[in-house]
Amino acid sequence: MNSTQDQLFADKCRRLHTYLLGTKALLREIGEYNRTKWPVHYPLTRLAQNPPQTYPAQATTLRRSNSMLIPDATSEAAEPLQLRRAQTAEDIPDSNSSSDGWRLLDPSDLSVLRLDLRLSNHGGSDVMGSLEESSIARLFDERLAQCEGHVDKLIARVADRSSKILVTGDLNAGKSTLVNALIGREILPSDQQPCTMLFCEVLDASLNSDVEEIHAVPSIDTYDRQDPATFVAVPMHDLEDVVMDNEERFQQLKIYTRDNRASEQASLLHNGVVNVALIDSPGLNRDSLKTTQLFARQEEIDVVVFVVNAENHFTLSGQDFLLNAGNEKAHIFIVVNRFDAIRRKDRCERMILDQIRHLSPLTYAEREDLVHFVSAHEHMAADSEPFARMESALRSFTLEQRFKSKLAPAQRYAMNVLADTQYLAAENVAAATRRIQEINSVLRDGMPRYEALLNRRSETGRCAEAVLDSSCLEIRRHTTAHLTNTAFHLQDVAEKITYPGLLSLWSYAENVLLTMVRHLEHEVSECDRFTSFTIHQAHTQLDALDEQRRSLDSPVSSEEATPVEPWDATMDSSSVTASQLAPIGSISNALDTVQLELSDFIDLDLGHNWGMLTSISASASLSLLASNSMASNMLTLLRLSSTMGASTARRLMVTTAALIGMGSLFYMVSDMDTTVRRKLSVRVTLMLEEEGFVAHHAERLTTETSRAIRPFVWHLQHNFQRMVEAEEHKRADHLRRRRTAQDSQIYFDELRIKAQDLANAVRLVSSDSTLC
Ligand SMILES: Nc1nc2c(ncn2[C@@H]2O[C@H](COP(=O)(O)OP(=O)(O)OP(=O)(O)O)[C@@H](O)[C@H]2O)c(=O)[nH]1
């Protein structure tokens, strides 16, 4: 690699690094938006109908030996079948391929941002459909966090100038022998029995101040070469024991060693270009824990060298690994070892290549450079030409095609993330548009009801007030008329009382007075009853108005509607009786203290009954008696005396006066009961007038009526208000949701464009890949 290529590669690293940071920021932004503003709409049902097919047709018949090998969507592994199949050399015409030789995702699918793929195996959309939006948002948030973590590792990988080569494969495939052959020294123990229990990272001693040393590392995350507390130094000759027996104690061995090769051209570790680490790993099918660790480590690895035992071909574990690693890395360096032990080499070669064609199409497409049939064991004894070719190809792949080995996987992952982002952004723009349309339609459909409610509220308010006003008016009018009439006819009330005679006149008068008072009381109670009846009627009318209001509560929205309070039981109209009105107390203060007086028995105003007096007087004085008053009679007599003689006139006058006196006395005595009734009724009426008896009761009952009806009116208005508020609350909620949907529509549209721009930029990083 010359300096121009170095510069180009450095430029690509820098650009990819920047775009990965941009991708990470985008993921974080989506996560934030998903959590706080709009739970990202995830097309679960659609995806369930279109489950991802991670395995090619031929491979789907294979039994999966380990459930932990289910592809993790955080890796580049979760790629749809169409993508990988299109990448085979002899496959479908590559009409959709990018000019860089790899294909964009099918836009109708998701890869890295796809949620748990296993869901689609459990009844499809039903299971997915049962997931709530919030659960999906949470799952999606977790997936975003995983992707972000993965992008972080890619960023670190791109920024790291060194290259890491993972040597992996089945047990006893000859991995350790291969690593030894590559460094030209028998450092790692090799045995027919499984012997590599730990990851062994072989590095050039120059990275450890030129000191050959083994660091047994308990925790790889905290390892620091310059901090002895983070590792245990192991003598070189103890390597075999440590590798075999310390898998519980150490996570990894760091083996700093010198390459025996004389020139930098020949040495992979000491190459003069970049620092290379060769990582020997435990056999794939040894245990699932180690296998899982291996999968997890892929994201730190630049090149995967997969060692296949030529005698066994690809085992199930090997196939699983290759399928996934192939998607992650796109290109896998495959070494078919122990080829010396194969008799029919061409047949073996054909069969293995056929397997590779399905397992890693891109690798197969470049099989000349990437698939090698060697014997590491033989090469240790004497240099072999196939091995040298393989070594040179690996060197070229690692050092000269660093874009392909180091940057392409990161670029590929970023492209997948950005393609998924565009897909989800478009889905969410559509979902937001649908939401806006739905809300608009709900608002439009609800408008007539809302307007009707407002109209009904004001109309009912007016009606209720009218019921109240008319009831009060009716009570005032009725009470005034009724009590005025009662007072006017008070005298008639006592007519039915039998007059016991002059000797019982006093008790008769008492009886008359009591009867009048009782009658007044009765009539006031009558007014109370009428009031009660009127209130009851008003309540019935208001109840009918409330019934109309209740009928406005649409059954569809009843569960959302704010419950309207029922009539208060204590306010039930049927329970309002006259006795429940404010206690009358005394119907009149004046009547409480009324006493009989002497004047109640003497009536000096005889004029009003003169007719009766004349009927019992002498007929001679008829002409005189025709007059209206005693005084006028006397004047008439005086006038007559002037025309008659004096003695005649005097006699006539005396006689007449005697007759009148006797008649008057007789009349007074005989009409005493009438006098008492009249006098008492007049006095009582006057007293009632003086204290404003009628007005007082009219006012009292009007106030009581208002007090009894007003709460019902308020209640009715309050219920209407609650309904209107509930409706307005719903409308405000719709408007708020519509605003959120509108914001999201804009946000996701911008996100789609941002992701598209970023994807274009990421894609351009590889436009000049041949140079690197
Ligand atoms: N015939 C032949 N035998 C080989 C070759 N490479 C390795 N072996 C032998 O295969 C056996 C296993 O070799 P290792 O290098 O230990 O294999 P490994 O894959 O590292 O084994 P584990 O780490 O235990 O999984 C040893 O006995 C080697 O001598 C080869 O090219 N040809």
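Scroll up a little and you will see the structure.
Below, the structure is looked at part by part. (Residues numbered from 1 in each chain as written. Predicted model: local features only at pLDDT ≥ 70, side-chain atom pairs only at ≥ 80, totals over all residues.)

## So, the overall build of the protein
Part 1 of the argument: Secondary structure assignment for the protein yields 24 helices and nine strands.
Part 2 of the argument: Counting the 772 residues in the protein, one finds 39% classified as buried.
Part 3 of the argument: Across the protein, contacts joining residues at least 24 apart in sequence account for 83% of those joining residues at least 6 apart. (Helix = DSSP H or I, 4+ residues; strand = E, 2+ residues; numbered from the N terminus. Buried ≥ 20, exposed ≤ 12 C-beta atoms within 10 Å, placed from the backbone. Contact = placed C-beta atoms within 7 Å.)

## Topic: the nonpolar core
Part 1 of the argument: Counting 65 residues, the largest nonpolar core has Val 305, Phe 333 and Ile 334 as the members making the most contacts within it.
Part 2 of the argument: In terms of residues, this core owes the most to one element, strand S7 (residues 303-309), which gives six residues.
Part 3 of the argument: Formed by 47 residues, the second largest nonpolar core is a distinct cluster that contains Met 415, Val 417, Leu 418 and Ala 755. (Core = buried A, V, L, I, M, F, W, Y, C linked by C-beta atoms within 7 Å.)

## Things to note about unusual backbone geometry
Part 1 of the argument: Backbone geometry at Asn 172 places phi at a positive 60 degrees, although glycine is not the residue there.
Part 2 of the argument: With respect to the helices and strands, the residue Asn 172 is situated in the loop between strand S1 (163-169) and helix H6 (175-183).
Part 3 of the argument: Unlike most non-glycine residues, Asp 210 shows phi in positive territory, near 65 degrees.

## So, the site of the ligand
Part 1 of the argument: Around the ligand, 22 residues are found, and the nearest of them are Gly 174, Ser 190, Thr 196, Gly 283 and His 377.
Part 2 of the argument: Of all the elements in the fold, those that place two or more residues in the shell around the ligand are H6 and helix H13 (376-381).
Part 3 of the argument: By residue class, the composition of the shell around the ligand is six nonpolar, 11 polar and five charged. (Near = placed C-beta within 6 Å. Nonpolar A, V, L, I, M, F, W, Y, C, P; charged D, E, K, R; others polar.)

## Some remarks on the sheet that holds strand S3 (residues 213-217)
Part 1 of the argument: Ordered by their spatial adjacency, nine strands build an open sheet running S4-S3-S5-S2-S6-S1-S7-S8-S9, and the pairing between neighbours is mixed. Only two strands of the sheet have a single neighbouring strand rather than two, namely strand S4 (232-234) and strand S9 (371-373). Between one strand axis and the next, the sheet turns through 20 degrees on average, direction left out of account.
Part 2 of the argument: For strand S8 (residues 333-337) and S9, the ladder comprises three bridges, and the chain directions are parallel. In the strand pairing of S9, Val 335 is matched with His 372.
Part 3 of the argument: Its contacts with the sheet place helix H10 (residues 345-359) against S7, S8 and S9, and it is angled at close to 155 degrees to S9.
Part 4 of the argument: Across the sheet, helix H14 (residues 385-400) touches S1, strand S6 (276-280), S7, S8 and S9, and the angle it forms with S9 is around 160 degrees. (Pairing = 2+ DSSP bridges. Axes fitted to C-alpha atoms, helices over the stretch in contact; angles between N-to-C directions.)

## Comments concerning helix H24 (residues 693-765)
Part 1 of the argument: Over its 73 residues, H24 runs 105 Å from end to end, which matches the ideal 108 Å to within 8%, given 1.5 Å per residue.
Part 2 of the argument: By the largest-angle criterion, Ile 709 marks the main kink of H24, which is about 30 degrees, and a proline, Pro 711, follows within four residues. (Expected span 1.5 Å × (residues − 1). Bend = angle between axes of the 7 residues up to and from the residue.)

## As for the packing of helix H15 (residues 402-488) against helix H17 (residues 505-551)
Part 1 of the argument: As a packed pair, H15 and H17 sit with axes 10 Å apart at the nearest point and diverge in direction by 170 degrees. Classified by the angle between their axes, H15 and H17 sit roughly antiparallel to one another. Regarding H15 and H17, the two cross each other, and that crossing is right-handed.
Part 2 of the argument: Partitioned by chemical class, the residues of the contact of H15 with H17 number 13 nonpolar, nine polar and four charged. (Parallel < 35°, antiparallel > 145°, perpendicular 65-115°, else oblique. Left-handed = near helix turned anticlockwise from the far one by under 90°.)

## Regarding helix H23 (residues 672-691)
Part 1 of the argument: Between its terminal C-alpha atoms H23 stretches 28 Å, which fits the 28 Å expected from 20 residues at 1.5 Å a residue.
Part 2 of the argument: Residues of H23 that are buried include every one of Asp 673, Thr 675, Val 676, Arg 677, Arg 678, Lys 679, Leu 680, Ser 681, Val 684 and Leu 688, and no others.

## Quick word on the pairing of S1
Part 1 of the argument: In terms of burial, S1 is a largely internal element, seven of the seven residues being buried.
Part 2 of the argument: Neither face of S1 is open: one carries Ser 163, Ile 165, Val 167 and Gly 169, the other Lys 164, Leu 166 and Thr 168, and all of them are buried.
Part 3 of the argument: Bridge analysis of S1 against S7 gives five bridges, and the strand direction is parallel. Paired with Thr 168 across the bridge in S7 is Phe 306.

## A short note on the packing of H15 against H24
Part 1 of the argument: Here H15 crosses H24 at 170 degrees, and the two axes come no closer than 6 Å. Our classification of the angle between H15 and H24 gives roughly antiparallel.

## Quick notes on the environment of Gln 319
Part 1 of the argument: Tracing the backbone through its elements, the reader meets Gln 319 in helix H9 (residues 316-329).
Part 2 of the argument: According to the C-beta neighbour criterion, Gln 319 is buried, with 20 such atoms within 10 Å.
Part 3 of the argument: In this structure, the C-alpha to C-alpha distance between Gln 319 and Ile 356, residues 37 residues apart in sequence, is 9.0 Å.

## Focus on the environment of Asp 320
Part 1 of the argument: Following the sequence through the fold, Asp 320 ends up in helix H9.
Part 2 of the argument: Judged by the 26 C-beta atoms lying within 10 Å of it, Asp 320 is buried.
Part 3 of the argument: When the C-alpha atoms of Asp 320 and Leu 284 are compared, they prove to be 10.0 Å apart, with 36 residues separating the residues in sequence.

## Concerning the environment of Arg 14
Part 1 of the argument: Inspection of the secondary structure assignment puts Arg 14 in helix H1 (residues 3-36).
Part 2 of the argument: Along the backbone, Arg 14 and Ala 159 are 145 residues apart, and their C-alpha atoms lie at a distance of 7.9 Å.

## Concerning the pairing of strand S5 (residues 252-257)
Part 1 of the argument: Most of S5 sits inside the fold, with six of its six residues counted as buried.
Part 2 of the argument: Side chains Gln 252, Lys 254 and Tyr 256 project from S5 onto one buried face, and the interleaved Leu 253, Ile 255 and Thr 257 project onto a second face that is buried too.
Part 3 of the argument: Of the strand pairs in this sheet, strand S2 (residues 199-204) and S5 are connected by six bridges, and their pairing is parallel. Within S5, the residue paired with Val 202 across the bridge is Ile 255.
Part 4 of the argument: Where S3 and S5 come together, five bridges link them in antiparallel fashion. Bridge assignment links Ile 214 to a residue of S5, and that residue is Ile 255.

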